[in-house]
Amino acid sequence: MKLPAGAFLALLCAGTVQAACTTNLLIDNYANFANNLNSLGQWTIDDGTTTNLKADVANKKITFTTTASSYFYTTFACEKATTDQYNAITFPIKGPAGAKFTIELQTSASCSTTAYTSYFTTLTGITGLTQTYTVLLSAFTGANLNAIDSIVFESFSINGAWEIGQTQLVCANVHSSSSVRSTVSSTSSTVKSSTSSSSSSTSSTVSTRKSTTATSSTVSKSVTTSTTSSATNGQCTSLLIDDFASQSRLTFLFYNAMLQPSSDDGSMAPVADRADTSTSVIVANNHVTLTSVSGGGSYWYSMFGCVKATGIYGGIGLTIKAPKGTTMGIELQTSTACNSNNPVLNDLLSTDLGWTFDGTEKFYTISFSKFPALDTDHLIVVLFSSISNVVTFGPMAFYCGSTGTAYPVPTTVPVVEPTSTIPATTGPSAFVIDAFANVNTNSLGFYHGGDDTTTYKISGAKLTINMKGNSDLSWYSQVSDGCTDFTPNDNSYLHIAYTGSNAFTIALQQHNPTCNPNINPFPFTWDSVEASRYSNTAKTDVYVPISHFNINRALAVGFALKGFYTTTSTVFSKIEIVKTVPTGFLVPSKLTTAPLLFACTRPNSFAFAIDDGDPQYAQRVVSAIAAAGIHVTFFTVGAALLDANTNLTAVYKGMLAAGHQVAYHSFTHPPMEGLPSLAAIDWELSNDISAVSSTLGITSTYFRPPFGTEGARIRQRLAALIPGSKFVEWSVDVQDWLWALSSTPENQITNFQSDVNKGGNLVVMHYLYNTTVSYIPQFIAIAKKTGKQLMRVDQCMEDPSAPPVG
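Let us look at the structure shown here. For clarity, every value in this text was computed on a predicted model and none was experimentally measured.

1. A word on the sheet that holds strand 38 (residues 556-562)
Read from one edge to the other, the open sheet built from five strands follows the order 30-33-38-35-36, with strand pairing classed as antiparallel. Of all the strands in the sheet, the pair left with one neighbour each is strand 30 (448-450) and strand 36 (525-530). Going from strand to strand, the sheet's axes swing by 20° on average, the running direction of each strand aside. Where strand 30 and strand 33 (residues 474-478) come together, three bridges link them in antiparallel fashion. Looking at the pairing, Gly449 lines up with Tyr476 of strand 33.

Now the structure itself:
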C-alpha cells in the first residue's frame, strides 16, 4: 500500500526587487466553475476533452479523467506579471503515479494584440498523491510576462483520474532570496492563432540548468509545529534530525527521525524494482546515499518542525563521504510563523562553509554563524542541492555550542536465534523433485517456474535465481497438479543443493480443503523456514525436516523458494527428498512461525480488513461502514500514528470506540522480509507495537505485512515478539493500487466481485483513493449478497478474546 507523503518540495523563485503585489493572486478556486468562470471572472474550460469533469468547491479543486488529447485551460484579461511582480504559478495536483504533464503559457506581444505565442514546461514526478508544484514564470524562456493570456494543463502522459487544486500566481514580494532554482524539464515555443485554445505538441527534454551559486527552494506543504529545544535547566544535548535507521521511513513515508517531512521529491536518479523507493536515496547502515541526475537538478531536504536554536545550538553536523572535488548548495529555511508557507531562504555553497572532500567519511558542520542575519529562533528546513557527485550522509543533528562532534551511529544489538538441535530421523524413501533438466517441468513432471521470468534462468541442469532484492517474488516446484499426501515423508528431509547466497526462505504450500484451484484462497496457506538455519557450514546443502513445515501436509501442493533478501545470486542444482541427513549434520530445532491466514475460519463469515490510507477519507469510510451496520478491522502504520499532522490517532480512537478492531501494519511500511537483518525486522515490529500502545492504549496479536510480503524471518520474529500472533493476508483484493487512479476505476468492483465469486472472504483494501472509498457501499452490498455475516478479522478467525459476534 501507499501512504500520503510527509511533504513535497516545490521549486520557487523569489526575487529581491521591489514588488507591486503584496499577496498571491488567486486565479481559480473553482467556486464559479459552473459558469465556466475562474476567480478572476475569466473563461475556463476543457472544451470537452476530458470526462467526468467536476468542481469540488468545498475542497477547492477540479477532478477529471484524461484521454490522449485532454487539456484544461484558464484565461486572464491580459495579466502584467512583470509589472505586478508575480514570478511563478503554484497549484496542487494529483495524478497517476509516474505520470508527467505539460504546462502551456500563452502570451501576446502586448495587451492590445490578439495573436499569442505558446511556451511549454513539462513537469515530472507525479506520485499518485496530492503534491504542490510551483513553476517559475522565468522558465518559459522568451515569453512576454507582461501580457499573459492563459495557462493550459495538457499532455497528461497517463490516462486516468487527475485533480487540480487552487491555482495562484506567486507574489515575489512575499519571499526573499538571492538565488534561483528552475523547475523546467523542457521548454519550447510555437506561434499559434488566437482561436487556438491548447496545444497538442510536446517538447524535447533538455538538461536542468546548473547553477554556479547556491540554489533555493521552498517547501510547498504548510507544516506548522511548536518550537523544539532540547535545553533543560541549562543542559544541552544534540538534537537528532535523522539517523537514517529506515529506508521506508525516509523514502516511502517521507519522514526523518523527528517524524518531519524529508524527501528528494523524485529529483534524484531513478531506481527500478524496489517497493520502498523510486529514486537513488538509498539507506544502509544508518547512512543515506544520494545519487543526483546528470545536470545537477537534484536536491534533498529534511524539515525540523520549528527549532529555536539561539543560545543552544551552533549548527547542524553530519558525516559526509564524497569524491574529491564534490560541491553542493546548502540552504537553511526559516519562518517566524513556524510554517512552510513563506519561508526565508538562506543559501551558501559547500565551499563557503570550507568543505572539501577526499573520498573518506569526515564530519562537517553547517555553522549558523556563516549565514548572515539567519533567524535561529525559527529554523524549519535544511536543503542540499546541486550535488555534483554521489554522496553519503551519516546521522545528522543539531550540535550544542560553537563546535560539534559526529552524532553517534545507533548501536544495533544483533538478534540471536536459538541454536538448539534435535536428533536426526530416517524416512522411508528418497526421490528427486527437481534436477532442472527441463525449462517448464520438474523431475516429477509437474510445473516449476517463477513470478518474474527475468529473475531466474534454467540452463545446464542448474537454476540461477537473483530476485534483485525483491523479497516478494517466488519460484515454485510442485509435487502434484492438485493435492498430494506428503505425510509419509514426515521423517524424511528436503535436501536442496546450492551455491551462492542462502538468504532466502523455503516454503511447503498447502492446497485448500477442496483441492480446487478455482476456489480462493489457493494456495490455502504455507509454512516457511530460513534456508540459512538449515544449511551446512560450507553453504552447499540445505536439509529441512519435512515435519518442520507446520501445515496440513496431506494436502501438499509443492515447494517455494521465496523471500530473497539479497542481490546476490543463488545457483540450485537439485531439490529432492532424502531419508536422512549426512553424518555430522546438526538438525536445528523448529522456530515458531506466526500462522499465515488468507481466509476466515468461522463458517459463513466475511471480514473487511482495511489498511491505512489518507486521513481526509477516514470519516467517509467510518460513515459508510456505520450505515451498513458492520464492524471491520483496520491495520495501521505506527509512524503515521505518531505524526500529529495525520490526525490518525484521533481517527483510530474513534474507530475503536465504534467497535472496530485496530491492528499492526509495521512502523514505516517496508517489505519486511526484504529487510537486511533480524534486528531491522525487530525495529519495525517493536516500534509499531510501541506506537500503537502509546497513542491508542491497546495491543494486538494481529499483523498484516506491508505489500503482503512474507517469509520465514518476519513470521518467526513476529511469533517471538508477540506470542500467539496471526499473520493476516487476504483472499479478496480490490486492487485499488492498480485501478483507483486509472481510467477504469470500476475494475475495483469487478475484482472484488470475482474474488468473492471464488469463495474469498477476507478483504484487502486501502482508503487512499476517492474512487475506492466511493465504492465501499457497493463492496459491502456484494459481500452481504453472499449471505455471509460481516465481522472483524478476530471474530472471523474465531478468536476467543474477540467480542461476541452480534
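2. Notes on the state of the cysteines
Each disulfide is one covalent bond, formed between the sulfur atoms of two cysteines. Within the structure shown, the criterion is met by six disulfides. Disulfide pairing is shown between Cys78 and Cys111; the S-S distance is 1.8 Å. An S-S torsion of about -80° defines the bridge between Cys78 and Cys111 as left-handed. With Cys78 in strand 6 (residues 71-79) and Cys111 in the loop between strand 8 (101-108) and strand 9 (116-123), this pair connects stretches of sequence that are 33 residues apart. Assessed through its relative accessible area of 17%, Cys78 is described here as buried. The partner cysteine of Cys236 in its disulfide is Cys400, sulfur to sulfur 2.0 Å. For the disulfide bridge between Cys236 and Cys400, the dihedral angle about the S-S bond is near -85°, and by the sign convention the bridge is left-handed. Within this pair, whereas Cys236 is found in the loop between strand 16 (227-228) and strand 17 (239-242), its partner Cys400 is found in strand 27 (residues 391-400), the two being separated by 164 residues in sequence. The exposure class of Cys400 is partly exposed, given its relative accessible area of 24%.

3. Structural notes on the side chain of Arg553
Along the chain, Arg553 turns up in the loop between strand 37 (541-545) and strand 38. A polar contact is formed between the side chain of Arg553 and the backbone oxygen of Phe549, at a distance of 2.8 Å. Among all residues touching Arg553, those that are not within four sequence positions of it are Thr484, Asp485, Phe486, Thr487, Asp490, Leu508, Ile546 and Ser547.

Cut-offs used in this document
Residues numbered from 1 in each chain as written. Predicted model: local features only at pLDDT ≥ 70, side-chain atom pairs only at ≥ 80, totals over all residues. Heavy atoms only, no water. Pairing = 2+ DSSP bridges. Helix = DSSP H or I, 4+ residues; strand = E, 2+ residues; numbered from the N terminus. Axes fitted to C-alpha atoms, helices over the stretch in contact; angles between N-to-C directions. Disulfide = S-S within 2.5 Å. Buried < 20%, exposed > 50% of the residue type's maximum accessible area, 1.4 Å probe, protein only. Polar contact = N/O pair within 3.5 Å; in protein donor to acceptor, adjacent residues only side chain to side chain. Contact = heavy atoms within 4.5 Å.

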